[in-house]
Amino acid sequence: MAQDVASLAAWLRRAAGRYAAAQAELNALDQAIGDGDHGANLARGFAKIVEKLDAAPPADPAALFKLAGMTLIGTVGGAAGPLYGSFFLDMAKAAGGAATLDAAALARCLAAGVAGVAARGKAVPGDKTMLDALMPAIAALDGGASLAEAAAAAHAGVAATIPIVARKGRASYLGERAIGHADPGATSAAMLLDALAVAETPA
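What counts, and where the lines are drawn
- Residues numbered from 1 in each chain as written.
- Predicted model: local features only at pLDDT ≥ 70, side-chain atom pairs only at ≥ 80, totals over all residues.
- Heavy atoms only, no water.
- Helix = DSSP H or I, 4+ residues; strand = E, 2+ residues; numbered from the N terminus.
- Buried < 20%, exposed > 50% of the residue type's maximum accessible area, 1.4 Å probe, protein only.
- Contact = heavy atoms within 4.5 Å.
- Areas by Shrake-Rupley, 256 points an atom, 1.4 Å probe, with all protein chains shown as cover.
- Phe/Tyr/Trp six-rings, centres within 6.5 Å; stacked < 30°, edge-to-face > 60°.
- Axes fitted to C-alpha atoms, helices over the stretch in contact; angles between N-to-C directions.
- Nonpolar A, V, L, I, M, F, W, Y, C, P; charged D, E, K, R; others polar.
- Salt bridge = Lys/Arg side-chain N within 4 Å of Asp/Glu carboxyl O.
- Core = buried A, V, L, I, M, F, W, Y, C linked by side-chain atoms within 4.5 Å.
- Expected span 1.5 Å × (residues − 1).
- Left-handed = near helix turned anticlockwise from the far one by under 90°.

Colleague: Help me understand the overall build of the protein in this model?
Modeller: Counting secondary structure elements, the protein contains nine helices and two strands. Put simply, the protein runs from its N terminus to its C terminus through helices and strands in the order β-α-α-α-α-α-β-α-α-α-α. Scored against the burial criterion, the 203 residues of the protein give a buried share of 49%. In the protein, 68% of the contacts between residues at least 6 apart in sequence involve partners at least 24 apart. Accessible surface, the protein as shown: approximately 8500 Å² in total, 59% of it carbon and sulfur.

Colleague: I tried to follow the packing of aromatic side chains on my own but got confused; where do I start?
Modeller: Each aromatic ring pair is specified by the distance between its two centres and by the angle formed by the two planes. Evaluated as defined, the whole model comprises six aromatic pairs. Taken together, a centroid distance of 4.9 Å and an interplanar angle of 65 degrees make the contact between Tyr19 and Phe46 edge-to-face. Here Phe46 lies in helix H3 (residues 38–55) and Tyr19 lies in helix H1 (residues 5–21), a separation of 27 residues in the sequence. Assigned by exposure class, Tyr19 and Phe46 land together as buried. Aromatic side chains Phe46 and Phe88 sit 6.4 Å apart centroid to centroid with 65 degrees between the ring planes, which places their arrangement in the edge-to-face category. Remark: Phe88 occurs in helix H5 (residues 80–95) and Phe46 occurs in helix H3; sequence separation between them is 42 residues.

Colleague: Can you help me understand the packing of helix H7 (residues 131–142) against helix H9 (residues 184–197) in this one?
Modeller: For any two helices packed against each other, one specifies the inter-axial angle together with the distance between the axes. Orientation of H7 relative to H9, taken along the N-to-C sense of each, is 35 degrees, at an axis distance of 7 Å. Here H7 contributes Ala133, Leu134 and Ala137 to the contact with H9, which in turn contributes Ala186, Ala189, Ala190 and Leu193. Split into classes, the residues belonging to the contact of H7 with H9 amount to seven nonpolar, no polar and no charged.

Colleague: What exactly am I supposed to notice about the pattern of salt bridges here?
Modeller: For side chains of opposite charge, pairing can occur when their charged atoms come near one another. All told, the structure shown has four salt bridges when counted by the stated rule. A salt bridge links Asp194 to Arg18, with the shortest nitrogen-to-oxygen separation between them at 3.2 Å. Of this pair, Asp194 sits in helix H9 while Arg18 is found in helix H1, placing the two residues 176 residues apart along the sequence. Residues Lys48 and Glu51 are paired through a salt bridge, measuring 3.2 Å at the closest nitrogen-oxygen approach.

Colleague: Sorry, what's going on with the nonpolar core here?
Modeller: A general feature of soluble globular proteins is that nonpolar side chains tend to end up buried together. In this structure, Trp11, Phe46, Phe65, Phe88 and Leu110 are the most contacted members of the largest nonpolar core, which totals 65 residues. Among residues more than four places away in sequence, those in contact with Trp11 are Phe65, Phe88, Met91, Leu110, Leu192, Ala195 and Leu196.

Colleague: What's the story with unusual backbone geometry in this structure? I'm lost.
Modeller: Leave glycine aside and you will find that most residues have negative phi; peptide bonds, for their part, are mostly trans. At Lys122, a position not held by glycine, the phi torsion is positive, near 50 degrees. With respect to the helices and strands, the residue Lys122 is situated in the loop between helix H6 (103–121) and H7. Lys122 sits in the exposed class, given a relative accessible area of 63%. The residue Lys128 is not glycine, and still its phi comes out positive at about 65 degrees. Positionally, Lys128 belongs in the loop between H6 and H7.

Colleague: How should H3 be read in this particular structure?
Modeller: Residues spaced three or four apart along an α-helix face the same direction, because each turn holds 3.6 residues. The terminal C-alpha atoms of H3, which comprises 18 residues, lie 26 Å apart, in line with the 26 Å expected from a rise of 1.5 Å per residue. Of all the positions in H3, only His38, Gly39, Asn41, Leu42, Ala43, Gly45, Phe46, Ile49, Val50 and Leu53 are classed as buried.

Colleague: What's the story with the packing of H1 against H3 in this structure? I'm lost.
Modeller: Across the interface, H1 lies against H3 with an axial gap of 8 Å and an inter-helix angle of 145 degrees. Where H1 crosses over H3, the handedness of that crossing is left-handed. Of H3, the residues touching H1 (which contributes Ala9, Leu12, Arg13, Ala15, Ala16, Tyr19 and Ala20) are Leu42, Ala43, Phe46, Ala47, Ile49, Val50, Leu53 and Asp54. Partitioned by chemical class, the residues of the contact of H1 with H3 number 13 nonpolar, no polar and two charged.

Colleague: Explain the side chain of Asn41 to me, please; I cannot follow it from the model alone.
Modeller: Its location among the elements puts Asn41 in helix H3. The buried category is assigned to Asn41, whose relative accessible area is 7%. Setting aside anything within four residues of it in sequence, one finds Asn41 in contact with Val76 and Gly77.

Shown next, in the form of structure tokens:
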């Protein structure tokens, strides 16, 4: 199903709602291995995206992704702002001037965004970061999976972060004490893909 700027904006609005509802859950995950503010930061950042969408709807997908990326960099503290900001800014570059994104084009944009996260965070799968959710999702899309299947792959990636030691970010200082906790960034990344997968379901 092709996505236009309106359906992609609806994705970000759904994500904002999800992060608002999951704020305490994400904060609790982050309290175990980080600063404890991941949920609050994302809820604030995505609420600001919604405010900007309400004020001036973007003209095309690239403009939407750029708005999201710049807003997150400007309003979200910690590592999440730059990482999620890079994700959307690189999606914007990949979108070009297209008015709509078919499944293949959207997958390319998502892959570009994930590559941007990897470059910005200097992380690889297995480091106990958001890439542990995003990389399996991109691999699933490359194999022809639906968005819902890609989101499921992301959640499997989240589960895989529970038994491993973190090698990046604040959690890396905890060593083996990080074992037994899901990575909050991976969890929020899977939530973002959940919100996107809803677009496949006809209203």
